[in-house]
Amino acid sequence: MKQKKYLNYAVFIAPTMLLFLLVFAVPVIVLVSTSFCNWRTGDPITFNGIGNYIELIFHDNSFRQGFCNNVLWIILQSTIHVVIGVLFALILARRPFYWKFARTAYMIPSIISSAAMGMLFLCIFNPEFGMVNSIVRAFLPNYDHNWFMSYDTAFLTVTLTWMPYAAITTLLVLTEIISIDRSIIEAATVDGANSFQLNTRIILPLLKNIIGTSVILEASNMLKKLDIIMLTTRGGPGDTTMNLPMYVYRTAMTENNFGMANAAGVMLILLGCITVMVINRVFSVGRENR
């Protein structure tokens, strides 16, 4: 009987495992193995040991800049972005008269494609007719600044294209708040807890798991952010807004250096694994709240 049960499990799991092997496992094995090779279009593939990794880490300024930018964006997304989402969820949980409208309106940037958002922000920050420069010119008539192409503002401007829109985090946290047993809130209120104490001493500790999950989701989103950067700055000016996905794309598609691009891809995977492990350790995601 037990063998039949295991056989049934195997029959149902087999298609999923086969799909996993074909779509994910095999490509990752190829990625890792070719990262140790010299591989350029038209040239034979030759073994290079850890030469690609040495070149990336010690000699490639673009890779180092992209790696640092990725880490910084992960930190910003995991702190400021998630904090915005959590705060907005705490406000909406109070159910002010506008809460349904605000919840719906706040979702709009998240359901618009990244390509459309990139084009929208290109128009908003356009140096000639953009809304931002038009507002500034009301006070400084001769003001002319290219926000995406200036070394001083490119990184901040690109960050602003996604930082304020934490709708997914807001919905996840809001759903968790609504599911909290109301008797806990009522007991704290009877004991004299005010709104600030309710939020900081009761609600937020109960949200630790979902906040940790939100941090993982937002951090992983930063590890694959390419489309908006591609549309707005293409990693420039210089390497000011370079990140690892943009570096992999440029190295493979423009320079046809697939060995180096695959080595950068392996570094990106390692960064993602380390990021998730750190977040899991900090937030104890998956463990019961106590």
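Preceding block: the structure.
Residues numbered from 1 in each chain as written. Predicted model: local features only at pLDDT ≥ 70, side-chain atom pairs only at ≥ 80, totals over all residues. Heavy atoms only, no water.

With respect to a positive patch on the surface
Together, Arg94, Arg95, Lys100, Arg103 and Arg182 line one region of the surface with positive charge. You can see arginine 94 is positioned in the loop between helix H3 (61-93) and helix H4 (99-111). (Patch = residues over 30% accessible without salt bridge, like charges linked within 9 Å, V, L, I, M, F, W, Y side chains within 5 Å. Areas by Shrake-Rupley, 256 points an atom, 1.4 Å probe, with all protein chains shown as cover. Salt bridge = Lys/Arg side-chain N within 4 Å of Asp/Glu carboxyl O. Lys, Arg positive; Asp, Glu negative; His and termini not counted. Charge placed at Lys NZ, Arg CZ, Asp CG, Glu CD. Helix = DSSP H or I, 4+ residues; strand = E, 2+ residues; numbered from the N terminus.)

Quick notes on the environment of arginine 94
We classify arginine 94 as exposed; its relative accessible area is 52%. The spatial distance from the C-alpha of arginine 94 to the C-alpha of serine 195 is 9.8 Å, given a sequence separation of 101 residues. (Buried < 20%, exposed > 50% of the residue type's maximum accessible area, 1.4 Å probe, protein only.)

Let's talk about the state of the cysteines
Every disulfide links exactly two cysteines, by a covalent bond between their sulfur atoms. Tallying each qualifying case throughout the model produces zero disulfides. No disulfide involves cysteine 68; its sulfur sits 19 Å from the nearest other cysteine sulfur, which is in cysteine 273. (Disulfide = S-S within 2.5 Å.)

What to know about the packing of aromatic side chains
Overall, the coordinates contain twelve aromatic pairs when judged by the stated rule. Where phenylalanine 20 meets phenylalanine 24, the ring centres are 5.3 Å apart and the plane angle is 35°; that geometry is what we call tilted. Placement of the pair is phenylalanine 20 and phenylalanine 24 together in helix H1 (residues 2-34), with a separation of four residues, close to one helical turn. When the centroid spacing of 4.5 Å and the interplanar angle of 50° are considered together, the rings of phenylalanine 88 and tyrosine 106 count as tilted. One end of the pair, phenylalanine 88, is in helix H3; the other, tyrosine 106, is in helix H4, and 18 residues separate them in sequence. Residue classification places tyrosine 106 among the buried residues on the basis of a relative accessible area of 16%. The rings of Phe121, Phe125, Trp147, Phe148 and Tyr165 are connected pair by pair, giving a single aromatic cluster. (Phe/Tyr/Trp six-rings, centres within 6.5 Å; stacked < 30°, edge-to-face > 60°.)

Structural notes on the layout of surface pockets
Its boundaries defined by the atoms lining it, the largest pocket holds a volume of some 380 Å³. Ser110, Trp162, Tyr165, Asn221 and Lys225 are the residues nearest the centre of the largest pocket, which is lined by 17 residues in total. Those elements giving two or more residues to the lining of the largest pocket turn out to be H3, H4, helix H5 (114-124) and helix H11 (208-223). Residue contributions to the lining of the largest pocket peak at three residues, all from H11. (1 Å grid on protein atoms, 1.4 Å probe; cavity = no way out; pocket = protein on both sides within 12 Å on 5 of 7 lines; lining within 4 Å. Points joined across faces, edges and corners; volume = space filled by probe spheres on them.)

With respect to the environment of proline 27
Here proline 27 shows up in helix H1. What makes proline 27 partly exposed here is its relative accessible area of 35%. Each residue touching proline 27, except ones within four places of it in the same chain, is listed here: Leu21 and Leu22. (Contact = heavy atoms within 4.5 Å.)

Things to note about the pattern of salt bridges
A full pass over the atoms with the stated rule returns two salt bridges. A salt bridge links arginine 137 to aspartate 144; its shortest N-O distance comes to 4.0 Å. With a closest N to O distance of 3.6 Å, aspartate 239 and arginine 250 form a salt bridge. A residue pair is termed long-range when its members are at least 10 positions apart, and aspartate 239 in the loop between helix H12 (227-232) and helix H13 (244-254) and arginine 250 in helix H13 qualify at eleven residues. We classify arginine 250 as partly exposed; its relative accessible area is 22%.

Keep in mind that these numbers describe shape and distance, not what the molecule does.
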